[in-house]
Amino acid sequence: MKQELAHIALVVADYDEAIAFYTQKLHFTLVEDTVLSDTKRWVLVAPPGAKGCQLLLAKAATDEQKSRVGNQTGGRVFLFLFTDDFWRDYNRMTADDIRFIRGPIKEEYGTVAVFEDLYGNLWDLIEPIK
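Bear in mind the structure is a predicted one, so any value in this text is a computation, not a measurement. (Residues numbered from 1 in each chain as written. Predicted model: local features only at pLDDT ≥ 70, side-chain atom pairs only at ≥ 80, totals over all residues. Heavy atoms only, no water.)

J.: Lay out the sheet that holds strand S2 (residues 29–35) in plain terms, naming residues and giving numbers.
T.: Taken in spatial order, the four strands line up as S1-S4-S3-S2 in an open sheet, and their pairing is mixed. Two strands bound the open sheet, and with one partner strand each, they are strand S1 (7–12) and S2. With strand direction ignored, the average angle separating the axes of adjacent strands in the sheet is 25°. When strand S3 (residues 41–46) meets strand S4 (residues 54–59), the two strands line up antiparallel, connected through three bridges. Directly across from Leu44, in S4, lies its bridge partner Leu56. With respect to the sheet, helix H1 (residues 15–25) is in contact with S1, S2, S3 and S4, its orientation differing from that of S4 by roughly 155°. (Pairing = 2+ DSSP bridges. Helix = DSSP H or I, 4+ residues; strand = E, 2+ residues; numbered from the N terminus. Axes fitted to C-alpha atoms, helices over the stretch in contact; angles between N-to-C directions. Contact = heavy atoms within 4.5 Å.)

J.: A description of unusual backbone geometry should follow, citing residues and the corresponding values.
T.: Not every positive phi belongs to a glycine, and His27 is a case in point at roughly 60°. Following the sequence through the fold, His27 ends up in the loop between H1 and S2. Residue Asp97 is not a glycine yet carries a positive backbone phi of 65°. Here Asp97 shows up in the loop between helix H3 (86–95) and strand S6 (99–107). Looking at Asp97, the relative accessible area reads 64%, which means it is exposed. (Buried < 20%, exposed > 50% of the residue type's maximum accessible area, 1.4 Å probe, protein only.)

J.: Provide a residue-level description of the sheet that holds strand S8 (residues 122–128), including the pertinent values.
T.: With mixed pairing, the four strands of this open sheet are ordered in space as S5-S8-S7-S6. The sheet is open, and its two borders are formed by strand S5 (77–82) and S6, each paired with just one other strand. Shown here is a sheet whose adjacent strand axes are inclined to one another by a mean of 20°, direction ignored. When strand S7 (residues 110–116) meets S8, the two strands line up antiparallel, connected through seven bridges. Bridging across to S8, Val114 finds its partner in Asp124. Across the face of the sheet, H3 comes into contact with S6, S7 and S8 while running at roughly 165° to S6.

By themselves, these observations are geometric and do not establish any function.
Right, here's the structure in full:
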């Protein structure tokens, strides 16, 4: 048996501002942007070189969904972005005005720092020990 995660839905306030952040600030690839209706699009983004799971940017449609934008996990780190060169990406992200809320530290599993996306969702940037 084989299974894998294909997409993780990330609730966003606006499709275009989310696409701009992920493609221009985090340098993700826009994989797909398909209009499904007047109010709904199928938008997938992925980190450069990614072969697996992609983010599905899902625009909040109800008040309950809008209340979750930027806080899908109650303030915990939500997503984990692995890199093959921590300092390259950390320096580029800092230059692109990505806000790091916990600076780089070495852990037993690798080098890690916590940043937030445009809505305040928390991410770990990690270069795992090989």
